[in-house]
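Chain by chain, the residues:
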Amino acid sequence: DDHEAGTSGATIDLPPAGAAWKAKAPWPFAVAAPTKNGKKRAWELYYDRFAAGESLGAIAANPPSGKAVQVWTVVNGVLTALVAGRPVDLRRLHDQATNATNPCGAPTQATFDNLDDALARCQDDVDVITSDKYPIASLAAAYGGAAAAAAATDYDAR
C-alpha cells in the first residue's frame, strides 16, 4: 500500500476515507474575527461544500465568487478550516487533491520528517505553537534544498 507510513515515498499516514479528523482544539492564531458584514469567508464556504460531499474540482469550477479558482485554493480553504478546529476527511481531501490537474496532496512521510527535523533545528527562531509570526527564511534554511535556495534568493529576483 503506497499510503503506508514509514517509507520515504509514502504519503503520511491518514485516517481512512469517511473518517473526519479534528484537532483537539483550534490553533489559537487560526480563529479569524467575524467579517464586518456577517458573511462567511471564502474558506468557510469552500469547507462547508467539501464537508457536505462536494468534490474539490466542482467547488473550484464554481466557487462563491463565480470565477473559477485552482483546486489548491479550495484545498487551502479546507486546511484553514482544519486548523480552525473543524473536522476534515483528510483521506478524501488528499485523494482528490492528488488527482487534480495541479496535484497538491498530503506530503510524503519523508517530507514530513524533514520538516519536523527542520523545526527542531530552528526552534530558537520558529515556534508555531505560541506564535503566528516567524522568520520563514530560518525554517527554509533549516529544511534545506530548494526551499533554502528560494529563501536565499532576493525577493525581486524570484
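These notes cover the structure that comes with them.

Cut-offs applied
Residues numbered from 1 in each chain as written. Predicted model: local features only at pLDDT ≥ 70, side-chain atom pairs only at ≥ 80, totals over all residues. Heavy atoms only, no water. Buried < 20%, exposed > 50% of the residue type's maximum accessible area, 1.4 Å probe, protein only. Helix = DSSP H or I, 4+ residues; strand = E, 2+ residues; numbered from the N terminus. Contact = heavy atoms within 4.5 Å. Core = buried A, V, L, I, M, F, W, Y, C linked by side-chain atoms within 4.5 Å. Phe/Tyr/Trp six-rings, centres within 6.5 Å; stacked < 30°, edge-to-face > 60°. Lys NZ or Arg CZ within 6 Å of the ring centre and 35° of its normal. Salt bridge = Lys/Arg side-chain N within 4 Å of Asp/Glu carboxyl O.

### Thoughts on helix α6 (residues 136-143)
Of all the positions in α6, only Ser138, Leu139, Ala140 and Ala142 are classed as buried. Of the surrounding elements, those touching the buried residues of α6 are α5 (109-121) and α7 (145-152). Where α6 ends, the next residue or the one after it, Gly144, has phi of about 85°, a positive value.

### Side note on the nonpolar core
Nonpolar side chains tend to gather and get buried jointly when the protein is soluble and globular. Formed by 21 residues in total, the largest nonpolar core has its most connected members in Phe50, Leu56, Val74, Val88 and Leu93. When contributions to this core are tallied by element, the ones reaching two or more residues are α1 (42-51), α2 (56-61), α3 (71-83) and α4 (90-98). Sorting elements by how many residues they give to this core places α3 first, with six residues.

### Here we look at the packing of aromatic side chains
One pass over the full model with this rule turns up one aromatic pair. Where Trp27 meets Phe29, the ring centres are 5.3 Å apart and the plane angle is 70°; that geometry is what we call edge-to-face. The aromatic ring of Phe50 is capped on one face by Arg92, whose charged end is 3.8 Å from the ring centroid.

### A word on the pattern of salt bridges
In this structure the tally under the stated criterion is four salt bridges. In this structure, the salt-bridge partner of Asp48 is Lys40, at a minimum N-O distance of 2.4 Å. Between Arg49 and Glu54 there is a salt bridge; the shortest N-O distance is 2.7 Å.

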